[in-house]
Amino acid sequence: MTEETTSFVYVTYILSTPEKVFEAITKPDVTRRYWGHENVSDWNPGSNWEHIRANDERTVELVGKVIEVSPPTRLVITWANASQASDPASYSRVTFAIEEYDNMVRLTVTHDELEAGSGMAKGIKQGWPAVLSSLKSFLETGRGIDLFAKPKSA
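Residues numbered from 1 in each chain as written. Predicted model: local features only at pLDDT ≥ 70, side-chain atom pairs only at ≥ 80, totals over all residues. Heavy atoms only, no water.

**Notes on the pattern of salt bridges**
Keep this limit in mind: In the sections that follow, a salt bridge refers to a side-chain nitrogen of Lys or Arg positioned within 4 Å of a carboxyl oxygen of Asp or Glu.
In total, this model carries 8 salt bridges according to the counting rule given. Between Glu38 and Arg32 there is a salt bridge, with the nearest N and O atoms lying 2.7 Å from each other. One salt-bridge network, held together by shared partners, links Arg32, Glu38 and Arg58.

**Brief notes about the packing of aromatic side chains**
This is how the line gets drawn: Here a Phe, Tyr or Trp ring, Trp counted by its six-membered ring, pairs with any other such ring whose centre lies within 6.5 Å, and the pair is stacked when the planes are under 30 degrees apart, edge-to-face when over 60, and tilted otherwise. Type-normalised accessible area, obtained with a 1.4 Å probe on protein chains alone, sets the label of each residue: buried when under 20%, exposed when over 50%, and partly exposed for intermediate values. Elements are defined by DSSP. Helices are runs of H or I of four residues or more, strands are runs of E of two residues or more, and each kind is numbered from the N terminus.
Tallied over the full model, the rule gives 8 aromatic pairs. Ring geometry for Phe8 versus Tyr10: centroids 6.4 Å apart, planes at 20°, classification stacked. Of the two residues, Phe8 and Tyr10, both sit in the buried class. Where Trp49 meets Trp79, the ring centres are 5.6 Å apart and the plane angle is 45°; that geometry is what we call tilted. One end of the pair, Trp49, is in strand 3 (residues 48-53); the other, Trp79, is in strand 5 (residues 74-81), with 30 residues separating them in the sequence. Trp79 matches Trp49 in its accessibility class, with the two residues each being buried.

**Re the pairing of strand 7 (residues 104-115)**
In plain terms, the rule: Strands qualify as paired when DSSP identifies two bridges or more between them.
Across 9 bridges, strand 1 (residues 5-14) lies against strand 7 in antiparallel orientation. Bridge pairing links Tyr10 to Val109 in strand 7. Both strand 6 (residues 92-101) and strand 7 contribute to a ladder of 9 bridges, which runs antiparallel. Its bridge partner being in strand 7, Val94 is matched across the sheet by His111. Hairpin connection of strand 6 to strand 7: 2 residues between the antiparallel strands, including Asp102 at a positive phi of 45°.

Put into C-alpha cells, the structure is as follows:
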C-alpha cells in the first residue's frame, strides 16, 4: 500500500539578483541572518546537507542530500528531520527555482513527496511562508523578520 503524499508550492518575487538569492539559500553565514539556521554543505550532487540551528547548541534539525545544483537558478535537495534520518520513507524533496524577472527574481519553492497529514507537512505549511518572507525582507532591506514571533491577542 502506498502512502498518500502532498506537495506545497510557494512563489515570491524579490528585488534582488539570482546570484544573491542562490547565495542566501546556500551560504551558512547568510542563511543564519534571516532563517536562524545555517544550511551547510559543499553543494555538490550526492553530498549531504544539514540545517543547523544558529545558536550555542548548534543542533542539527534537518538533513538530506543534494540532488541537483545549477547555480544560480536551481537547487534540489532531499529533506528530513534529523531524528528520522535513518528512515528513507521520512524524506521529502525541496526544489528552489530562481528566475530573473527584469530587476527582480521570481523564487518558486516546491516541497513535495511529503506524507499527507504528517507533522512535517503541517510544519512546512506554516514554516515556508515565514522563511520566504524573511528571505525577501533580508535581501530587500538587510533585515529578516522574527520567525519566532507570535500573533498578538485581540
